[in-house]
Amino acid sequence: ALRDAGYVVDRAADGEEALAKVSASTFDAVICDLRMPRLDGKAFYRILSASSPGLARRVVFVTGDVAGTDAEQFLEQSGCRWLAKPFRLADLLRTVREAMA
């Protein structure tokens, strides 16, 4: 859906690979799951915030469980945009546009 909307898309299999990619290349935004192997979304975000605060402001999290969890607290404290799974593709596209604005 993002490619169809004209975005160039890269992907990472886990949080460590994502961190290596954002360290080696330039990205306009990051869509990140909170639950990832090897390095979860919260740890990825904390490291990214220290190394690239501008990009950290353009992270969009996706997650399946928020209400009443530590994920909810993290998302509130970080101020990151997020989408609850399952989400509509139109919502993803809108949220990515907002993150990049």
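All of these numbers come straight from a predicted model, not from anything done at the bench. (Residues numbered from 1 in each chain as written. Predicted model: local features only at pLDDT ≥ 70, side-chain atom pairs only at ≥ 80, totals over all residues. Heavy atoms only, no water.)

*Asks:* Before we move on, could you go through the nonpolar core and cite the residues and values that matter?
*Replies:* One finds Phe 44 and Phe 61 to be the most contacted residues of the largest nonpolar core, which totals 20 residues. Secondary structure elements with two or more residues in this core: α1 (15-24), β1 (30-33), α2 (41-51), α3 (53-56), β2 (59-63) and α4 (70-78). Leaving out residues up to four positions away in the same chain, Phe 61 has contacts with Cys 32, Asp 33, Leu 34, Gly 41, Tyr 45, Phe 74, Leu 75, Cys 80, Arg 81, Trp 82 and Leu 83. Leu 2, Val 62, Leu 83 and Leu 92 belong to the second-largest nonpolar core, a separate cluster that totals six residues. (Core = buried A, V, L, I, M, F, W, Y, C linked by side-chain atoms within 4.5 Å. Buried < 20%, exposed > 50% of the residue type's maximum accessible area, 1.4 Å probe, protein only. Helix = DSSP H or I, 4+ residues; strand = E, 2+ residues; numbered from the N terminus. Contact = heavy atoms within 4.5 Å.)

*Asks:* Please give an account of the pattern of salt bridges that cites residues and values.
*Replies:* Under the counting rule described, the total for this entry stands at nine salt bridges. A salt bridge links Glu 17 to Lys 21, with the shortest nitrogen-to-oxygen separation between them at 3.9 Å. Pair noted here: Glu 17 and Lys 21 are both in helix α1, with a separation of four residues, about one helical turn. One salt bridge in this structure joins Arg 88 and Asp 91, with 3.4 Å as the shortest N-O distance. Under the relative-accessibility criterion, Arg 88 is labelled exposed at 56%. (Salt bridge = Lys/Arg side-chain N within 4 Å of Asp/Glu carboxyl O.)

*Asks:* An account of the packing of aromatic side chains is requested, with residue identities and associated values reported.
*Replies:* Given two aromatic rings, their pairing is described by the distance between the two centres and the angle made by the two planes. Counted according to the given criterion, the structure contains three aromatic pairs. A ring pair is formed by Tyr 45 and Phe 74, whose centres lie 5.7 Å apart and whose planes are at 80 degrees; its orientation type is edge-to-face. With Tyr 45 in helix α2 and Phe 74 in helix α4, the pair connects residues that are 29 residues apart, well separated along the chain. Accessibility assignment for this pair places Tyr 45 and Phe 74 in one class, buried. Ring geometry for Phe 61 against Phe 74: centres 5.5 Å apart, planes inclined by 80 degrees, an arrangement best described as edge-to-face. Taken together, the positions of Phe 61 in strand β2 and Phe 74 in helix α4 put the pair 13 residues apart, joining distant regions of the chain. Like Phe 74, Phe 61 is buried. (Phe/Tyr/Trp six-rings, centres within 6.5 Å; stacked < 30°, edge-to-face > 60°.)

*Asks:* Before we move on, could you go through the side chain of Asp 14 and cite the residues and values that matter?
*Replies:* Inspection of the secondary structure puts Asp 14 in the segment before α1. A polar contact of 3.1 Å, which involves the side chain of Asp 14, links it to the side chain of Arg 38. Those residues within four positions of Asp 14 in sequence are excluded, and the remaining contacts are Met 36, Pro 37 and Arg 38. (Polar contact = N/O pair within 3.5 Å; in protein donor to acceptor, adjacent residues only side chain to side chain.)

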